[in-house]
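# Observations on chain architecture
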Amino acid sequence: MQRKILLNENEMPHHWYNIVSDMENKPLPPLHPGTKQPAGPADLAPLFPMELIMQEVSGERYIEIPDEVRDIYKIWRPTPLYRAIGLEKMLGTDCKIYYKYEGTSPSGSHKPNTAVAQAYYNKQEGVKKIATETGAGQWGTALSFACAQFGIECDVYMVKVSYEQKPYRKIMMNNFGANVYASPSTRTNAGRAILEKDPQSTGSLGIAISEAVEIAASDPDTKYALGSVLNHVLLHQTIIGQECEKQLEYTGDFPDIVIAPLGGGSNFAGIAFPFLKHKLTNGNKVRCIAVEPASCPKLTRGKFMYDFGDTAGYTPLLPMYTLGHNFSPAAIHAGGLRYHGASVLCSQLLKDGLIEAVALQQLECFEAGVKFSKAEGIIPAPEATHAIAQVMHEVEKAKEEGVSKTILFNLCGHGFVDMQAYADYFDGKLVDHVLSDEDLTTALAEVDALQPA
Ligand SMILES: *Cc1c(COP(=O)(O)O)cnc(C)c1O
């Protein structure tokens, strides 16, 4: 049985797939927070290069990947698709389990797929510097690498708690030439305002976004970049699923179930949307399942409404499942899944019943991740363990129903820079967190006031 399904460089897709073209209910427009009118390209121009803004609002089905971007992708793409033979044996299942491994990239996750594209379009428009935020450091690492490829300066606002507790990601960014600042910092109004209220603030993703956006908005040579959530980011990630489609053609399979963890929605969209296309256009029954942590359950317990993407309220209002822009999730180890909202595209698809969502506790996920390490020899990122745990649930369900399914999941990153998380798990220091209804109601209350009439 073939264990590893590889593609040649020349089989790498030439286009990204834009699911908007196949959605019956198009996503609602972002709104200007002041006027509550749809935010147009001009509103986003201070932050993003025009080509990315046009992708953000595009209805075209396929958008060509520039040759310069494909050239850099070739450092690690096409990525391998694995048949999880070891895991199947360990679970004693008749199901076929496949996983796409995005951990072979320069930063160890799927994020360079969009970082390289974003840096390229910024370079085309003469941008000198890009400012961004990073939580645990995966996005900052990816963008630092991408900026180094194009000779663009990169400023990263890193959530302070990670800056202090996870020094290795910062050093990776320094290797790629980026400047890394602990957020909240004294460099911005947003950062100073937080520090004035709470000098001991350890920061949050929402605060770090506010800082990076403020820097970009106030300097004509600097733009901003986001590592998830936005339509153009999800678009760039669709190279993952399109490669999988080709790889599965070689084995003669098509998935019954596609599973990925969801933070903002980009790696889920990346692997799922090219398969969901078959459901939207020819009635294929594929189930696409997004897995979120129980401590940050925007899809399963949040509300679909307009909300800000950041804490300070600098971004346009986005129609999405959200826990409220001031929601502060428990300090779980899957840092990449701690964002308060889900992308507009994933939110609309969930609202329309075209995708599914589940929330899982972190202990169960780490347990699944450790099992996977033993069976397959790859130590997964804590985020990716959420997908693995859900695969195990689906295998169990198939066993009960006496059926065999083909399951595909996204192993969106390795966990080599997350050893502290595994150490804490082995030392029994990790606990499960359940968000109380009370905290949820409080976090959502102030979002009600933002809704358009
Ligand atoms: C950032 C990240 C995520 C979550 O972000 P999405 O936009 O939902 O993909 C998940 N896994 C890894 C390894 C990440 O780096």
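Each remark here, short or long, concerns the structure printed above.
Now for a description of the structure that goes with this document.

Criteria and thresholds
- Residues numbered from 1 in each chain as written.
- Predicted model: local features only at pLDDT ≥ 70, side-chain atom pairs only at ≥ 80, totals over all residues.
- Heavy atoms only, no water.
- Pairing = 2+ DSSP bridges.
- Helix = DSSP H or I, 4+ residues; strand = E, 2+ residues; numbered from the N terminus.
- Contact = heavy atoms within 4.5 Å.
- Axes fitted to C-alpha atoms, helices over the stretch in contact; angles between N-to-C directions.
- Salt bridge = Lys/Arg side-chain N within 4 Å of Asp/Glu carboxyl O.
- Buried < 20%, exposed > 50% of the residue type's maximum accessible area, 1.4 Å probe, protein only.
- Phe/Tyr/Trp six-rings, centres within 6.5 Å; stacked < 30°, edge-to-face > 60°.
- Near = heavy atom within 4 Å.
- Polar contact = N/O pair within 3.5 Å; in protein donor to acceptor, adjacent residues only side chain to side chain.
- Areas by Shrake-Rupley, 256 points an atom, 1.4 Å probe, with all protein chains shown as cover.
- Nonpolar A, V, L, I, M, F, W, Y, C, P; charged D, E, K, R; others polar.
- Core = buried A, V, L, I, M, F, W, Y, C linked by side-chain atoms within 4.5 Å.

### Examining the sheet that holds strand β5 (residues 96-101)
The strands making up a sheet associate through hydrogen bonds between their backbones, and the pairing can be parallel or antiparallel. Spatial ordering of the open sheet is given by β1-β4-β5-β15-β10-β11-β14, a layout of 7 strands whose pairing is mixed. Both edges of this open sheet fall to β1 (4-5) and β14 (356-360), since each of them pairs with a single strand only. Bridge analysis of β1 against strand β4 (residues 81-83) gives 2 bridges, and the strand direction is antiparallel. Within β4, the position partnered with I5 by the bridge is L81. Each of β1, β4, β5 and β15 (406-411) is contacted by helix α12 (residues 239-251), which is oriented at about 140° to β5, the strand it contacts most.

### Remarks on the pattern of salt bridges
Evaluation of the coordinates by the stated rule reveals 14 salt bridges. The residue E102 makes a salt bridge to R77 at a minimum N-O spacing of 2.8 Å. Here R77 lies in the loop between α3 (67-73) and β4 and E102 lies in the loop between β5 and α5 (112-124), a separation of 25 residues in the sequence. E102 gets classed as buried once you look at its relative accessible area, which sits at 0%. Its salt-bridge partner being D155, residue K129 comes within 3.3 Å of it at the nearest N-O pair. One end of the pair, K129, is in strand β6 (residues 129-134); the other, D155, is in strand β7 (residues 153-159), with 26 residues separating them in the sequence. Residue K129 is classed as buried on the basis of its relative accessible area, which comes to 19%. In this structure D155 comes out as buried when scored by relative accessible area, which is 1%.

### A few points about the packing of aromatic side chains
As enumerated under the stated definition, the model contains 17 aromatic pairs in all. Considering the side-chain rings of Y99 and F372, the 5.1 Å spacing of their centres and the 75° angle between planes classify their relative orientation as edge-to-face. Placement of Y99 in strand β5 and of F372 in helix α16 (residues 362-376) is noted, with a sequence separation of 273 residues between them. Residue classification places F372 among the buried positions, given a relative accessible area of 0%. On the numbers, 5.4 Å between centres and 70° between planes, the contact of F304 with Y321 is edge-to-face. In this pair, F304 sits in strand β12 (residues 303-308) while Y321 sits in strand β13 (residues 317-322), placing the two residues 17 residues apart along the sequence. A relative accessible area of 21% places F304 in the partly exposed class. Under the relative-accessibility criterion, Y321 is labelled buried at 13%.

### Description of the site of the ligand
Taken together, 16 residues lie around the ligand, and K111, S228, G263, S266 and N267 are the ones closest in. S228 is positioned with one of its side-chain polar atoms (N or O) 2.4 Å from an oxygen atom of the ligand. At 3.0 Å, a backbone N or O of G264 approaches an oxygen atom of the ligand. Notes on the ligand: free accessible area 380 Å², of which the protein chains cover 97%. Split into classes, the residues belonging to the shell around the ligand amount to 4 nonpolar, 10 polar and 2 charged.

### Digging into the nonpolar core
Core analysis: the biggest nonpolar cluster contains 67 residues, and W16, Y73, V116, F268, F273 and L408 have the highest contact counts within it. Sequence-distant contacts of L408, that is, excluding residues within four places in its chain, are made with L81, Y98, Y99, K100, C244, L248, P255, I257, V258, I259, I271 and F275. Counting 31 residues, the second-largest nonpolar core is a separate cluster that includes C95, Y101, M392 and C412.

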